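Per-entry structural report
Each chain is listed here by its residues.
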Amino acid sequence: MSQTWAISGVDLHLDLRGSRVRGALETSLRDAVKGGRLQPGTRLPPSRTLATDLGISRNTVAAAYAQLVAEGWLEARQGSGTRVAAHPARRPVGDRTQPDPPAPPRFDLRAGAPDVASFPRAEWIASARRALRDAPAAVFGYGEVRGRRELREAVAEYLARARGVDVTPDRVVVCAGFTDGLRVLGLALRAGGASTVAVEGYGHRLHREIVAAAGLDVVTVGVDDDGAAVDGLGGADAAVLTPAHQFPLGSVLTSERRLRAIEWARAGGRMLIEDDYDGEFRYDRQPVGALQALAPDHVVYAGTASKSLAPGMRLGWLVVPSRLLDAVLEQRVLGGAPSTIDQIALADFLRSGAYDRHVRRARLAYRRRRDRLLAALPGLRVRGAAAGLHVVVELPPEMTEREAVDRAHRHGVFVEPLSAYGAGDHFPALVVGYGTPPEHAFTTAVARLAAALTA
Ligand SMILES: Cc1ncc(COP(=O)(O)O)c(C=O)c1O
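So, a few notes on the structure that sits alongside this text. Since this is a predicted model, take the numbers as computed values, not measurements.

Points about the nonpolar core
By size, the foremost hydrophobic cluster in this structure holds 59 residues, and its most contacted members are Leu159, Trp317, Leu346, Leu430, Val432, Leu449 and Leu453. In terms of residue count, the dominant contributor to this core is helix 13 (residues 439-454) (eight residues). Those residues in contact with Leu430 that sit more than four places away from it in its chain are Val391, Val392, Val393, Leu395, Ala404, Val405, Val415, Glu416, Pro417, Leu418, Leu449 and Leu453. Within the second largest apolar cluster, 27 residues are counted, among which are Leu185, Val199, Ala214 and Leu329.

A look at empty space enclosed by the protein
As enumerated under the stated definition, the model contains three cavities of 30 Å³ or more in all. Each pocket or cavity is described by its volume, and for the largest cavity that value is around 60 Å³. As for the largest cavity, its lining consists of Arg163, Ala244, His245, Asp278, Gly279, Phe281, Arg282, Pro287, Val288 and Ala387. Each residue belonging to the lining of the largest cavity can be placed in one class, and the counts come to five nonpolar, two polar and three charged. Its boundaries defined by the atoms lining it, the second largest cavity holds a volume of some 40 Å³. For the second largest cavity, the full set of lining residues is Tyr158, Leu159, Asp276, Tyr277, Glu280, Tyr301, Gly303, Thr304 and Trp317. Only helix 5 (149-163) and strand 13 (299-304) provide two or more residues apiece to the lining of the second largest cavity. Ranked by residue count, the leading element in the lining of the second largest cavity is strand 13, at three residues. For the lining of the second largest cavity, the per-class residue count stands at five nonpolar, two polar and two charged.

Brief notes about the environment of Thr42
Relative to the helices and strands, Thr42 is located in the loop between helix 1 (21-34) and helix 2 (47-54). Among the residues examined, Thr42 registers a relative accessible area of 12% and is labelled buried. C-alpha separation for the pair Thr42 and Arg83, spaced 41 residues apart in sequence, amounts to 5.4 Å. If we ignore the near neighbours within four places in the chain, the residues touching Thr42 are Ile7, Ser8, Thr82, Arg83 and Val84.

Observations concerning helix 3 (residues 58-71)
Spanning 14 residues, helix 3 covers 20 Å between terminal C-alpha atoms, matching the ideal 20 Å at 1.5 Å per step. Buried within helix 3 are the following residues: Val61, Ala64, Tyr65, Leu68 and Glu71. One side of helix 3 holds all its buried residues, which, seen down the axis, span an arc of 125°. Seen from the open side of helix 3, the exposed residues pointing more than 90 degrees away from its buried face are Asn59 and Ala70. Residues of helix 3 that are buried in the fold lie against helix 1, helix 2, strand 3 (74-77) and strand 4 (81-84).

Thresholds, definitions, all that
- Residues numbered from 1 in each chain as written.
- Predicted model: local features only at pLDDT ≥ 70, side-chain atom pairs only at ≥ 80, totals over all residues.
- Heavy atoms only, no water.
- Core = buried A, V, L, I, M, F, W, Y, C linked by side-chain atoms within 4.5 Å.
- Buried < 20%, exposed > 50% of the residue type's maximum accessible area, 1.4 Å probe, protein only.
- Helix = DSSP H or I, 4+ residues; strand = E, 2+ residues; numbered from the N terminus.
- Contact = heavy atoms within 4.5 Å.
- 1 Å grid on protein atoms, 1.4 Å probe; cavity = no way out; pocket = protein on both sides within 12 Å on 5 of 7 lines; lining within 4 Å.
- Points joined across faces, edges and corners; volume = space filled by probe spheres on them.
- Nonpolar A, V, L, I, M, F, W, Y, C, P; charged D, E, K, R; others polar.
- Expected span 1.5 Å × (residues − 1).
- Arc of directions from axis to C-beta.

Nothing here speaks to function; it is all geometry.
Here's what the structure looks like:
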């Protein structure tokens, strides 16, 4: 039989089976003190009361208390009963418990995610409710492999208006975020005879792995303040680029390089994949339009809701050139598109203007966060356009990336070195994401990072 009882509002679980009742009581109390659920100074019930509550003998309780006093977890004082010891962490002789591992950093300043606490729940619920109420029953069937028509139309309208994409709903393929889109594109390219794909020298390792998993050789092209060095694309069959905001260095692909990339693609009948992961967030000027509009037959445009709304949605979209469309849909038949119910909710969210409103609010909030972060790090050079949800911060002279990351950890902050995103001859730097912490934690997170880098 097991039982739960409470001391000072803390629920404690006790396994009363067999002859080890005393041992179980000791373990339960010890764990509660060790784990901090019973705080120093908390008064324990008199042994008689606890024994009655639990239906066990008073001697058993008294013996368990005595053992824990001997181990240093509890203190017994004449006249004031038994309490949790003032310094229970003092380990008793003979206790072989390993020291507790250091607490994980509390503030997440890694790049990659938006402030998920600001997800527009009420507007999403309204969209989901409207969409479900009005949807034909067919929505609940298997649906079209390229995605629900409602969503493809809404995405096409949005992309043409907001990102200047050359798009018709028939060329939109709904996917589970960019990651899924890239996987499908890799397989489609491979099936069409491609053997090599170029990726930017700095980027997500996962993206390189996805391309390689499709059976393609991955080559890298350098990146500098003008974006990807597209003259180095050489003999690859396709290239994955982040033209609006290089990830993670933050540069914007210059118009000259855009034209050269298009020439490269046209000359060899090649394909560019434009990863427009955070194109909505540009703070100093109007966002640069999509590269895709310059050559819709040679560029696959890829967008995602992961930064603008939430990565947990797993919703993204490809705009695929007609000549690659069948190959992409063939791969799609083998793997599932996202839930049609989420798709129709997103279609309503886009159509109703809720998406634009949310993006406008988020843009303002992230712009302010970026300004606050920069103001907190005076004297440190920050790289990249005023855009997106992250910056690259150059380290003070003499500070290595390892040292900076360790110092940040000691200040309770998770942050990643630039070298986590690529190997190159780069300056020592951190990639600092300012999207993730909830608003109430942002000031502290930034202050702690500043303290770590300037102390
Ligand atoms: C460069 C880049 N591309 C794309 C994505 C989005 O991937 P997904 O849509 O699979 O969440 C991210 C998100 O972290 C990113 O940093």
